[in-house]
6 protein chains.
Amino acid sequence: MIKLSIFLTLTLLISTSTASVQDFCVADLTGPQTPSGYTCKPPANVTAEDFVFTGFRKGGNTTNIINAAVSPAFDAQFPGLNGLGLSIARLDLAPGGVIPMHTHPGASEVILVVQGSLVTGFVSSANAVYVKKLLKGDIMVYPQGLLHFQINGGGKTSVAFASFSSPNPGLQITDFALFANNLPSMLIEKTTFLDDAQVKKLKSVLGGTG
Amino acid sequence: MIKLSIFLTLTLLISTSTASVQDFCVADLTGPQTPSGYTCKPPANVTAEDFVFTGFRKGGNTTNIINAAVSPAFDAQFPGLNGLGLSIARLDLAPGGVIPMHTHPGASEVILVVQGSLVTGFVSSANAVYVKKLLKGDIMVYPQGLLHFQINGGGKTSVAFASFSSPNPGLQITDFALFANNLPSMLIEKTTFLDDAQVKKLKSVLGGTG
Amino acid sequence: MIKLSIFLTLTLLISTSTASVQDFCVADLTGPQTPSGYTCKPPANVTAEDFVFTGFRKGGNTTNIINAAVSPAFDAQFPGLNGLGLSIARLDLAPGGVIPMHTHPGASEVILVVQGSLVTGFVSSANAVYVKKLLKGDIMVYPQGLLHFQINGGGKTSVAFASFSSPNPGLQITDFALFANNLPSMLIEKTTFLDDAQVKKLKSVLGGTG
Amino acid sequence: MIKLSIFLTLTLLISTSTASVQDFCVADLTGPQTPSGYTCKPPANVTAEDFVFTGFRKGGNTTNIINAAVSPAFDAQFPGLNGLGLSIARLDLAPGGVIPMHTHPGASEVILVVQGSLVTGFVSSANAVYVKKLLKGDIMVYPQGLLHFQINGGGKTSVAFASFSSPNPGLQITDFALFANNLPSMLIEKTTFLDDAQVKKLKSVLGGTG
Amino acid sequence: MIKLSIFLTLTLLISTSTASVQDFCVADLTGPQTPSGYTCKPPANVTAEDFVFTGFRKGGNTTNIINAAVSPAFDAQFPGLNGLGLSIARLDLAPGGVIPMHTHPGASEVILVVQGSLVTGFVSSANAVYVKKLLKGDIMVYPQGLLHFQINGGGKTSVAFASFSSPNPGLQITDFALFANNLPSMLIEKTTFLDDAQVKKLKSVLGGTG
Amino acid sequence: MIKLSIFLTLTLLISTSTASVQDFCVADLTGPQTPSGYTCKPPANVTAEDFVFTGFRKGGNTTNIINAAVSPAFDAQFPGLNGLGLSIARLDLAPGGVIPMHTHPGASEVILVVQGSLVTGFVSSANAVYVKKLLKGDIMVYPQGLLHFQINGGGKTSVAFASFSSPNPGLQITDFALFANNLPSMLIEKTTFLDDAQVKKLKSVLGGTG
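Note that the coordinates shown come from a computational prediction; the quantities given were computed from them, not determined experimentally.

S.K.: Just to check I follow, could you spell out helix H3 (residues 185-192) of chain A for this structure?
M.R.: Residues that lie three or four places apart on an α-helix share one face, since the helix turns once every 3.6 residues. Residues and elements named next belong to chain A. The element H3 is largely enclosed, with a buried count of six among its eight residues. All buried positions along H3 are accounted for by Ser-185, Leu-187, Ile-188, Glu-189, Thr-191 and Thr-192. One or two residues past the end of H3 sits Phe-193, with phi positive at roughly 65 degrees.

This is the structure in structure tokens:
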């Protein structure tokens, strides 16, 4: 009797809430984006797998010029966090590895070292420099949009995880923004005070033209 | 003459603003959702009816085990408030009726008693208890996401209206979250310290399995 | 034994969380305001009373020219909802009573009729008119910042409650903004196309100068 | 060698970021709107032209009854600023020109005079009046949703640009909201205290009915 | 010469921006809180140390009844992330350890396993259950405000880091909210359907009264 | 009679609203800052002057190495827009003048050319380049946090106004962030791939050390 009537209540509550409840919005990567993120996959098609990302079990390939790799789990890679206000990335830095000077236009970041150590820091709008060496377990916060970097000065590979205050923080590596596209050398030189030879050298290395 | 020229102005202003003006975004319930709510019904199809909800003229059926009913006017029931940052629900509690311990994951709430009285309260993250008896006309605020409840300790039916700071506040009734689905008893017991017999009893009442 | 060790855990968890937990921010009305609201009363001084407002037990005095009264429970009157994203007000309209054309610059509103009936509506940026008669239990939403009004066309006092999507929605009654201050008549006439006699008449009624 | 490996890195970083990066959301004006704005044009179709608006080279036509014109570059006219939190409009006021009393329901505004001068001001929720004469180069801020106006009291055309804190601020001109639609005269008179003759006169001028 | 004039420019830019620039707002824990967080420490007193937290080098003490520990780096423990929209916590779970069923009222969470494994999951407002076993390197997202838990079912200590979409996410452990304070047993029983004996047993274990 | 009773209503409404109404929050620059901006000057002390800024009547001094000047009206210079979600700056560029490559960490920007012309553009996170020449009256939008620049390639001084989607957008000029402080040359070189000679040359010009 009790069971029956609570079932009725439950049904009523659930029947209305099934339609309306949207605690989450797993990204439908095939649909259009909006300023607030991707449109949502129908809730009925959502499973536990949508909320789990297993791409961090191995680090990225660090056999490259920066001896480092960034593996993002932003909304495009991990649709389950669409609209939920945060994301994460794995950083692998071989000895001597560097994540070059960069910004995230859309998020603040907390970095956590889980293996090895990192020398890292950021520069504020007032051009003040905040640099520290982080050991395993240490975290540092970089306020939104400011230039920052990570260097592995130790003798073994360092691994870190970066958490972001947005599912889509963006990543603008200063050197790539300047030298890895067709931005004319003349414009680069005028707006950075860099010498022509320096600009051309880096364009050559990074594949830029113009 | 004057009339003509102002008509021209009006037409100019209106012709641009008709396209751009979107003071509201009546939900198109057939379209996809986004992290900011439903997509909008075309403004040309919107009428005054879209902004009115008449489903609260009668209370919900309280002949159930909790002797109470919750009737939501969230965005899924009342498309006109999509994107507008608030919603509302009607609560009916027969004598002895209870809205069980629950949270709204996405909103703060103000409750207003319009008939009878309620004993109600919430528990903070610091585990502090804030309980009060509300008479007709009284309001209480429950901060976002915290456990709260309402009990009609009086001799006649109480009616209250709950306002929320989101068009889609969500509703998670602790007992239903634990005992009205297939969450394995072992996991429930380990994570709530409840006895196996208690868990099984409530699963039986609420229709849970596992 | 079990009890002891959980106490230890509890203590640890609580000791850190007592300092940090701020689920709410009861307004310290004596402190400065900020763009996000008032500064917070120290949590240790907060009691259940801070979350309850009893000023709506009686309606406001409607023996005035509009035959109506608005009683707000915004953050300044109800400090407990500071920072929580919503507020509420009680409206009493005697027969023939009117809440004159007005806007809330900082919030959308849902109105709920709990006694009598109301003729109410709003005008959009596209100058479209949305008017409806609401009966007891009906709700209507007015999107943020748009002109709206309420009229009691029935034979007995109507009572309604307005919920807002901000703890500090503001209230700008068009007539008071134009005629109840020292805004020069010449400026009013130029910016509203109203006749000089009309402006002076309303300034006289509403106490304006200039 | 170096070049090759950095290319690899670049490719990896770019290949993931091409899919995920959404620094902007150029409006697809053919798609549905959402509470956060229009859906986005596919990034691959976006060009520099999407971020530029050239419609302000000439002012609007001021040969009308208000001797003024408002030319908006909101998201519907300038799709590139969809989702970016701001917009802009050009104001031209011939001598004696007036932008009538109005509000922007969805944004604060900063006005900048680039030619001539303006007498301008706003009224607060407390009915306080803030009026100033602005010379070329001066700016004034009108807080969100409050009534404000601009008058060119000088002998030559004034030009100003208004910046808004939203890509879709809305624009509600009080006179048009009251007199340029089918809002019944009786309702206008009851909610504004205006005389019947005054209401009918303005309805006649502005093309209203009812 | 060049150097001199750029110094002048620099000085001008810096002199204005030194006062205005506030990329960050390191919490002044001695000042009042606001709905947006703590007031800011004067920028001139801020050093690199303010942006680094070293409290995660060692895990919390897990010799307690839940065989687990939560160590938060929220704004109260790590003032540098005040206002920056994210925070982080370390979780240590000995074999058999459990983080009991809980919610974070103010944030979504991403958990990252860095040692061992976890069985974890959450329940939605629609009472759907999403449970998964996470291995080292795996992440799972729990949408804001929903009940979730973590269990170490493996034979060695597991370590995880939880990232939150707020500097002050809150933490409400259901059992502590119900049984570790003075919430009257009668109210608990009426609002949870738990048996009196069960309530009293848990109150006894967790130190509750009433 | 009528006048008297409306005075009463007015008084009631005003007496409550005077205390509560806070349509604006003029910055008290002597008080602490918060994540949402400065604390507010008491409303009673606010005058029309607080909402007007006259510092743009003349442009900044462009006799410097960049032949350009940026004059901000952010919240620190123009307290009236504290908390209102936007700000503005004046840009003067003599012939050949350059606003070097920079970002605003906290805002999107719309630039408006009011005299002369500008070659300007930005680079996206995907390293795509969007460059255009703007004539008088043209506007361009730079999405939040992305690198952008302005160059006056014409023969006379250009003047532009930049509007921002925040009262405190920040300004990080890449060259100043790298070369105008004590960031060690070794770190700069490792994180930018610039040659040592280039770094030292620019440090010398911009006054950097280390």
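So that's the structure; there's more coming.
S.K.: Is there a simple way to think about the pattern of salt bridges in this case?
M.R.: Tallied over the full model, the rule gives 36 salt bridges over all chains. For the salt bridge of Lys-132 of chain A with Glu-49 of chain E, the shortest nitrogen-to-oxygen distance reads 2.6 Å. Remark: Glu-49 of chain E occurs in the loop between strand E2 (37-38) and strand E3 (52-53) and Lys-132 of chain A occurs in strand E9 (residues 129-134); the pair is interchain, linking two chains. Relative accessible area serves as the criterion here: at 46%, Glu-49 of chain E is assigned to the partly exposed category. Residue Asp-138 of chain B pairs with Arg-57 of chain C through a salt bridge whose shortest N-O separation is 2.7 Å. Here Asp-138 of chain B, found in the loop between strand E9 (129-134) and strand E10 (139-142), pairs with Arg-57 of chain C, found in the loop between strand E3 (52-53) and strand E4 (68-73), and the two come from separate chains. By relative accessible area, which is 0% here, Asp-138 of chain B ends up buried.

S.K.: When you look at the packing of aromatic side chains in this model, what are you seeing that I'm missing?
M.R.: The geometry of an aromatic ring pair comes down to the distance between the two centres and the angle between the two planes. Summed over all chains, the structure comprises 66 aromatic pairs over all chains. Note on Phe-51 of chain D and Tyr-130 of chain F: the rings are 5.1 Å apart at their centroids and 75 degrees apart in plane angle, and the pair reads as edge-to-face. Here the residue Phe-51 of chain D occupies a position in the loop between strand E2 (37-38) and strand E3 (52-53), and Tyr-130 of chain F occupies one in strand E9 (residues 129-134), the pair thus bridging two chains. For the residue pair Phe-51 of chain D and Tyr-130 of chain F, the accessibility class agrees, reading buried in each case. Ring pairs connect the aromatic residues Phe-24 and Phe-51 of chain A together with Phe-122, Tyr-130 and Tyr-142 of chain E, which therefore count as one cluster.

S.K.: I keep staring at the pairing of strand E6 (residues 98-103) of chain D and nothing clicks. Help me out?
M.R.: Sheet faces and side chains relate simply in a regular strand, where the side chains alternate between the two faces. Residues and elements named next belong to chain D. Extensive coverage of E6 is indicated by the burial of six of its six residues. Note that E6 and strand E11 (residues 148-151) share three bridges and pair antiparallel. Note that in E11 the partner of Val-98 across the bridge is Ile-151. As paired elements, E6 and strand E13 (residues 172-173) share two bridges and run antiparallel to each other.

The rules behind the values
Residues numbered from 1 in each chain as written. Chains lettered and ligands numbered in written order. Predicted model: local features only at pLDDT ≥ 70, side-chain atom pairs only at ≥ 80, totals over all residues. Heavy atoms only, no water. Buried < 20%, exposed > 50% of the residue type's maximum accessible area, 1.4 Å probe, protein only. Helix = DSSP H or I, 4+ residues; strand = E, 2+ residues; numbered from the N terminus. Salt bridge = Lys/Arg side-chain N within 4 Å of Asp/Glu carboxyl O. Phe/Tyr/Trp six-rings, centres within 6.5 Å; stacked < 30°, edge-to-face > 60°. Pairing = 2+ DSSP bridges.

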